[in-house]
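# Survey of secondary and tertiary structure
Each chain, written out:
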Amino acid sequence: MSVAPIDYLLSRRSSKFVQAPGPTDEQLSLILQAAMSAPDHGRLQPWRFSLIRGEAIERLADLALSATKAAGLPLTPQKEASTRSWLAKVPLLIAVACRMDHANTKIPEHERLLATGAAVTNMLNAIHMLGYAAFWSTGLGTYVDEVNEALGFDGLDYRFMGYVAVGTPTDAPLPLARPDYRQFVTEWTGG
Ligand SMILES: Cc1cc2nc3c(=O)[nH]c(=O)nc-3n(C[C@H](O)[C@H](O)[C@H](O)COP(=O)(O)O)c2cc1C
């Protein structure tokens, strides 16, 4: 039985714990191409992605954990161990950054960040539609300059926005009751 596209949007769930297999190269192309359909004021195309796979994931763990400690941020041995064991299984991380393009003063900064967030949402939905799962995380030294720079996203020109872990969920995600949209919607009638 085929699933209606709208049902994919209604059923998406994040899964932090993912393992191989991750998307094939062809599927990854579709996922990244889906990001290009995000709304984007001024067509600035501010989104930037860096793929981190295989042994590079362990190298990122080394970098992020040591830079976090060097920056004086709290990191317990338990947190370090759980981060390493999480990442040991993740087949693909997509690092996300927003290019700030300071020469353009017309489009406010927050709109560029929103466009990049929308691009990530498109990827999360594409990942789900292709039968994989993902988790957007702003751990792993997201807010540590040394990590941003090492990934090629220096703080002058980019805002680093974290990582999307992609793969096959280690456990079937349970359906999550979502709130009733009526709690968040009003109608303005101009009166
Ligand atoms: C920008 C952004 C950053 C996030 N960073 C984290 C994070 O560092 N740790 C975490 O537990 N969840 C984080 N989340 C939340 C998860 O990605 C996920 O959305 C949440 O667990 C709810 O699951 P759901 O997407 O199935 O509703 C982040 C979400 C967003 C949008």
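In this text the structure is predicted, and so the values were computed from the model without any measurement.

### Details of the packing of aromatic side chains
Evaluation of the coordinates by the stated rule reveals four aromatic pairs. A ring pair is formed by W86 and F135, whose centres lie 6.5 Å apart and whose planes are at 85°; its orientation type is edge-to-face. Within this pair, whereas W86 is found in helix α4 (residues 77–89), its partner F135 is found in strand β4 (residues 133–137), the two being separated by 49 residues in sequence. Judged by its relative accessible area of 7%, W86 is buried. For the pair F153 and F160, a centre-to-centre distance of 5.9 Å together with 20° between the ring planes defines the contact as stacked. Judged by relative accessible area, F153 falls into the buried class, the value being 6%. According to the relative accessible area criterion, F160 is buried, its value standing at 7%. Pairwise contacts between aromatic rings join F153, Y158, F160 and Y163 into one cluster. Cation over ring: K16 sits above W86, and NZ or CZ is 4.8 Å from the ring centre.

Conventions adopted
Residues numbered from 1 in each chain as written. Predicted model: local features only at pLDDT ≥ 70, side-chain atom pairs only at ≥ 80, totals over all residues. Heavy atoms only, no water. Phe/Tyr/Trp six-rings, centres within 6.5 Å; stacked < 30°, edge-to-face > 60°. Helix = DSSP H or I, 4+ residues; strand = E, 2+ residues; numbered from the N terminus. Buried < 20%, exposed > 50% of the residue type's maximum accessible area, 1.4 Å probe, protein only. Lys NZ or Arg CZ within 6 Å of the ring centre and 35° of its normal.

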